[in-house]
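Residue-level listing of the chains:
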Amino acid sequence: MIVEGKRIILGVTGSIAAYKAAAIASHLTQSGALVDVIMTDAAQRFVTPLTFQSLTGRPVYTSMWGGSGEGLGSHIAHVALGHEADLLLIAPATANTMARIANGLADDLLSVTALAARCPILIAPAMDVGMYGAPATQANIEILKTRGVRFAGPTIGRMASGLEGLGRFIDPEEIVGYARWVLGENGPLRGRKVVVTAGPTRESLDPVRFLSNRSSGRQGFALAQAAVDAGAEVVLIAGPVDLPTPVGVGRVKVETAREMEQAVLEHAVGGRPADALIMSAAVADYRPGEASGQKIKKSTGTLSAELVANPDILMSVASQKNRPAVVVGFAAESQELIANAQDKLDRKKLDLIVANDITATDAGFAVDTNRVHFVTGESVEELPLMSKEAVAARVIDWVSERLAAS
Ligand code: CTP
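Residues numbered from 1 in each chain as written. Predicted model: local features only at pLDDT ≥ 70, side-chain atom pairs only at ≥ 80, totals over all residues. Heavy atoms only, no water.

1. Quick word on the pairing of strand β10 (residues 203–206)
Looking at chain direction, β10 and strand β11 (residues 209–211) are connected through three bridges and run antiparallel. Bridge pairing in β11 links Ser204 to Phe210. Linking β10 back to β11 in an antiparallel pair, the connection comprises two residues. (Pairing = 2+ DSSP bridges. Helix = DSSP H or I, 4+ residues; strand = E, 2+ residues; numbered from the N terminus.)

Printed below as a string of structure tokens:
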């Protein structure tokens, strides 16, 4: 993923939320980033450098004048650290640290690094509601924003003080999402719009019952994240699934196939047309002819409901003048995988169809992995078993290359 091999400086400051930075350091390190932690003096009152050193496997910087085994004059080295980094992430950031950075102070290692940094700066504030709302803090945030500093949160919630309000540190997972978004912004899909569909659709039988399918939405959400990692503007049109929206993604919630068709036509064809459409949703092909307005009551014997065909969304897109330059479909098949996929590729006028055999136990609907074939008009490529995230990255690479060549 995007953070792999990236150099990230994680600045930790003296907020009660400092312990949550450990989860960020751990997540980024496990994803393959080289994480150099700088702690302010106040941060060390809440957590120890050893925590971060153990999680990152790298030295932790605590002072301009040495510390954590460093010698004098080490601040020169840290100016270099700031120059080489891909991202300076300050999480949690106190009002005091933001004030120092907004005013260009350079009186500790973190502020020196921020002043000298050439990489993007991302700040996740955490403080009490009164401090966050204070005019001085808000003015400092404005200054930082006008200078291009990005912010992750804060959110509204319960604080350590027991008060409720704006100032709460956002979840470490979400902060990692912001980091991915910033790291990816100059990727191969910069300036491109990508529309992804995900999840099942749901067709009502009556107010309490519906027809749907086993799609978890995970592959589609992974595609949306991979498109953000590549720098795209992403619209994710998702059926009813309970998954967090990746940071940087605009999510449109739909229920039925007809709602999904409307949303796809609006976001991928109408207005500013998308450069690419990736239909990974498992669209219900049929719906009850007429949903009952009242709950269907039990009676003896059998019950039958007439089903009528839903629109084929890819077919609707294929007939549009402003059709996206690249259209990708997915084919879940239980037999004749390649032949069926090729047939869909032709009928739906696709550039690529990602075919998977849903009878395999390690691929498809409810598992984390997928075993897919990339089928185009020219070739069939069999990919090994991999995570849905890895499949998503491969699809986005394919789309990027195709768009670059068009
Ligand atoms: N699809 C669509 N509209 C539908 C049904 C499917 O746009 N009403 C899209 C899916 O999102 C997927 C591709 O078409 O990208 C293939 O979906 P699949 O269900 O495999 O194909 P169907 O055409 O429905 O064929 P079948 O169910 O008979 O295999």
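From this point, the narrative continues.
2. A closer look at the packing of helix α9 (residues 172–184) against helix α10 (residues 218–229)
Two elements in contact, α9 and α10, have axes separated by 7 Å at closest approach and are oriented at 45°. When the interaxial angle is binned, α9 and α10 end up oblique. Across the interface between the two elements, Arg180, Trp181 and Gly184 from α9 touch Gln225, Val228 and Asp229 from α10. (Axes fitted to C-alpha atoms, helices over the stretch in contact; angles between N-to-C directions. Parallel < 35°, antiparallel > 145°, perpendicular 65-115°, else oblique. Contact = heavy atoms within 4.5 Å.)

3. What to know about unusual backbone geometry
Look at the link from Ala91 to Pro92: it is a cis peptide, with omega at 0°. Mapped onto the elements, Pro92 comes out in strand β4 (residues 87–93). Between Gly153 and Pro154 the backbone carries a cis peptide bond, its omega angle lying at 5°. Summarising the element assignment, Pro154 is placed in the loop between β6 (150–151) and β7 (155–158).

4. Some points on helix α14 (residues 388–405)
Its 18 residues give α14 an end-to-end C-alpha distance of 26 Å, which sits within 8% of 26 Å, the value for a rise of 1.5 Å per residue. Among the residues of α14, Lys388, Val391, Ala392, Val395, Ile396, Trp398, Val399, Ser400 and Leu403 are the ones counted as buried. (Expected span 1.5 Å × (residues − 1). Buried < 20%, exposed > 50% of the residue type's maximum accessible area, 1.4 Å probe, protein only.)

5. Concerning the domain arrangement of the chain
The assigned domain composition of the chain is domain 1 (7–183) and domain 2 (189–286 + 307–405). Here domain 1 and domain 2 have C-alpha centroids that lie 37 Å from each other. Every contact between the two is made by five residues of domain 1 and, on the other side, five residues of domain 2. Buried surface at the junction of domain 1 and domain 2, both sides included, amounts to about 480 Å², of which 61% is carbon and sulfur. (Domains from an automatic or database assignment. Buried area = accessible area lost by both parts, 1.4 Å probe.)

6. Describing the pattern of salt bridges
Close approach of charged atoms allows side chains with opposite charge to pair. Enumeration over the complete set of coordinates arrives at 16 salt bridges. Close ionic contact of Arg58 with Asp36 constitutes a salt bridge, the shortest N to O distance being 3.0 Å. Taken together, the residues Arg58 in the loop between α3 (49–56) and β3 (60–61) and Asp36 in strand β2 (residues 34–39) connect sequence positions 22 residues apart. The partly exposed category is assigned to Arg58, whose relative accessible area is 21%. For Asp36, a relative accessible area of 2% corresponds to the buried category. Asp229 serves as the salt-bridge partner of Arg180, at 2.6 Å between the closest nitrogen and oxygen. Taken together, the positions of Arg180 in helix α9 and Asp229 in helix α10 put the pair 49 residues apart, joining distant regions of the chain. Ionic contacts of the salt-bridge type, sharing partners, join the residues Arg7, Asp36, Arg58 and Glu84 into one network. (Salt bridge = Lys/Arg side-chain N within 4 Å of Asp/Glu carboxyl O.)

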